[in-house]
Structures are given as structure tokens and as C-alpha cells.
Amino acid sequence: EPEVTQTPSHQVTQMGQEVILRCVPISNHLYFYWYRQILGQKVEFLVSFYNNEISEKSEIFDDQFSVERPDGSNFTLKIRSTKLEDSAMYFCASSDDGRSGNTIYFGEGSWLTVV
Amino acid sequence: AQKITQTQPGMFVQEKEAVTLDCTYDTSDPSYGLFWYKQPSSGEMIFLIYQGSYDQQNATEGRYSLNFQKARKSANLVISASQLGDSAMYFCAMREYSSNDYKLSFGAGTTVTVRA
């Protein structure tokens with residue numbers, strides 16, 4: 001079964017450092033998403049991406065965050081200058097289109113720990 | 001306002017018994033979808049079941065069924081014949097389609113612990 005893959009599975013970084021989280025969505029999918037989950041809390045939407053541009057972003061997704069689809073397969077989330085409160089599990093997800101009935105599939109997540 | 005409400009932070013269930021996880025939602029969009037995901041302790045998000053707002057029948061997937069009560073805006077998940085491997089966090093989520101807003105909004109989750 002096709003799956004969304006994410007790397008790294010776990011990253012520890014110093015506060016203020018830049019982090020890039022990578023995702024390979026399912027190959028025929030058109031919509032891509034990043035979500036995050038702070039430990040013990042609910043899953044929060046960060047950003048959606050369609051047709052090579054951001055289609056929606058939440059208030060969490062401030063200027064420190066950016067997304068990119070540098071080639072036909074990868075979808076990246078960059079955090080420019082990490083803060084302690086960025087420590088969370090980051091999930092990449094994809095769906096084939098936005099129509100009803102189409103499931104959003106999630107990757108296994110990337111644990112980010114900022115120290 | 002909360003779009004998805006899961007009022008049960010944690011539940012215990014005996015192995016082989018059924019368990020119902022509550023989910024209520026809030027939307028004015030006539031076209032929406034409701035999803036349930038399972039998150040085991042390893043952290044990944046596993047899709048379980050989907051119900052569309054226009055679906056006439058309740059969704060079923062193996063041991064999972066969704067008790068969809070549209071007028072009450074509830075979409076409870078029923079897990080039948082619980083297994084030890086069902087111990088996990090379960091999230092209810094919703095997508096609203098009319099506004100081209102395709103993101104999922106999640107509830108706070110319910111932790112299920114299956115006892116042998």
C-alpha cells in the first residue's frame with residue numbers, strides 16, 4: 001500500500017538553529033499538509049499546499065515557517081530559527097484531491113526536540 | 001469555537017468487548033466528511049474510517065463502525081471485539097468541503113486501554 005514517508009524520524013536541535021523536515025507524499029496525490037502535535041495535546045493544522053503554493057495556513061504558521069516542493073516528490077517544512085515551544089511531532093499528510101470521500105493519509109511523523 | 005468535541009479523555013475496555021468513542025461536531029457546511037484516526041504509542045496516525053455527510057448508511061470497516069447521527073451532529077466510533085492492540089489514542093476529525101478548506105480539524109482525542 002502506498003504511504004507517506006517522513007525523515008528524520010527524530011531530530012534534536014539547539015534553539016535558534018534551522019530545521020528542515022522532509023516528506024515524500026503518495027505519488028499521485030495533489031494536496032499536501034503539515035500538522036503538528038505537541039506532546040499530549042491535540043493535532044494542529046499548520047499549512048496546506050496545492051498547485052505549488054500555500055492554499056491555507058494557520059496562525060501557528062508564522063514567518064519562521066516555510067514550505068517547499070523542490071522537486072516532483074519531496075515536500076519540506078523549514079523552521080528558520082527554532083524555539084523551545086517548537087518541540088513537537090510534525091506530521092506530513094497528503095490526499096489525492098479535496099473532494100469528499102478522499103482520505104488524508106499521514107506519515108509516521110518527525111519528532112522535533114529543541115533544547 | 002471547537003469544531004470537534006471528544007468528551008472522553010480516557011476509557012478502559014475489557015478484551016473482546018465493544019467500546020463506543022463519542023464525537024460531536026459543529027459545522028454549517030452541508031458538505032463535510034468525518035474521519036477517525038488511531039494513534040498508537042509509537043506515534044503514527046492511522047486512518048480507520050470515513051463518513052460523508054451525504055452518506056445514507058453508517059460506515060463500517062472490519063471491526064470499526066461509525067454511528068452517524070446527522071441531526072445530533074454526532075459521529076461515534078464503535079470498536080467491536082476489542083483486542084489488546086486497540087490500546088491507543090483515537091482522534092475524530094472533520095473536513096469541510098464547500099469553502100475549499102480541505103484541512104482536517106481534530107478533536108482532543110480519547111485514550112483507549114484494553115484490559116486482558
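In case you missed it, the structure is sitting above this.
Residues numbered from 1 in each chain as written. Chains lettered and ligands numbered in written order. Predicted model: local features only at pLDDT ≥ 70, side-chain atom pairs only at ≥ 80, totals over all residues. Heavy atoms only, no water.

So, on to the packing of aromatic side chains. Under the criterion given, the structure shown has 20 aromatic pairs over all chains. Centroid distance A:Y33 to A:Y35: 6.2 Å. Interplanar angle 40°. Geometry classified as tilted. A residue is classified by how much of its surface remains accessible, and A:Y33, at 0% relative accessible area, is buried. Linked through ring pairs, A:Y33, A:Y35, A:F45, A:F91, A:Y105, A:F106, B:F35, B:Y37, B:F47, B:Y50, B:F91 and B:F106 together constitute an aromatic cluster. It is B:R63 that lies over the ring of B:Y64; its NZ or CZ is 5.8 Å from the centre. One residue, B:R115, lies across the ring of B:F12, its end atom 4.1 Å from the ring centre. (Phe/Tyr/Trp six-rings, centres within 6.5 Å; stacked < 30°, edge-to-face > 60°. Buried < 20%, exposed > 50% of the residue type's maximum accessible area, 1.4 Å probe, protein only. Lys NZ or Arg CZ within 6 Å of the ring centre and 35° of its normal.)

The next thing to look at is the sheet that holds strand β7 (residues 65–68) of chain A. All names here are of chain A. The strand order across the open sheet formed by 4 strands is β1-β3-β8-β7, and the pairing between neighbours is antiparallel. A strand with exactly one partner marks an edge of an open sheet, and here the two such strands are β1 (5–7) and β7. Taken pair by pair, the neighbouring strands of this sheet meet at an average axis angle of 20°, ignoring direction. Here β1 pairs with strand β3 (residues 19–24) via 3 bridges, running antiparallel. By the bridge assignment, T7 is partnered in β3 with R22. (Pairing = 2+ DSSP bridges. Helix = DSSP H or I, 4+ residues; strand = E, 2+ residues; numbered from the N terminus. Axes fitted to C-alpha atoms, helices over the stretch in contact; angles between N-to-C directions.)

What follows covers the nonpolar core. In terms of nonpolar packing, the biggest core is built from 25 residues, with B:L21, B:Y25, B:L34, B:W36, B:I49, B:L77 and B:Y90 touching the most fellow members. Secondary structure elements with two or more residues in this core: β2 (10–14), β3 (19–21), β5 (32–39), β6 (46–52), β8 (64–69), β9 (74–79), β10 (88–96) and β12 (110–115) of chain B. Examining the composition of this core, we find that 4 residues originate from one element, β10(B), more than from any other. If we skip the residues at most four places from it in the chain, B:L77 touches B:V19, B:T20, B:L21, B:W36, B:L48, B:I49, B:Y64, B:S65 and B:Y90. In this structure, A:L21, A:L46, A:F49 and A:L112 belong to the second largest nonpolar core, which totals 22 residues. (Core = buried A, V, L, I, M, F, W, Y, C linked by side-chain atoms within 4.5 Å. Contact = heavy atoms within 4.5 Å.)

Another point: the interface of chain A and chain B. Contacts between the two partners involve 22 residues from chain A, matched on the other side by 19 residues from chain B. Across the interface of chain A and chain B, roughly 1700 Å² is buried in total on both sides, 59% from carbon and sulfur atoms. Across the contact surface, chain A and chain B share 1 salt bridge. A salt bridge links B:K103 to A:E56, with the shortest nitrogen-to-oxygen separation between them at 2.9 Å. For the pair chain A and chain B, the number of links is 7 residue pairs in polar contact (both at pLDDT 80 or more). Looking at the side of chain A that touches chain B, the elements that each hand over two or more residues are β4 (31–37) and β9 (88–95) of chain A. Looking at the side of chain A that touches chain B, the element that brings in the most residues is β4(A), giving 4 residues. Within the side of chain A that touches chain B, the residues separate by chemical class into 9 nonpolar, 8 polar and 5 charged. (Buried area = accessible area lost by both parts, 1.4 Å probe. Salt bridge = Lys/Arg side-chain N within 4 Å of Asp/Glu carboxyl O. Polar contact = N/O pair within 3.5 Å; in protein donor to acceptor, adjacent residues only side chain to side chain. Nonpolar A, V, L, I, M, F, W, Y, C, P; charged D, E, K, R; others polar.)

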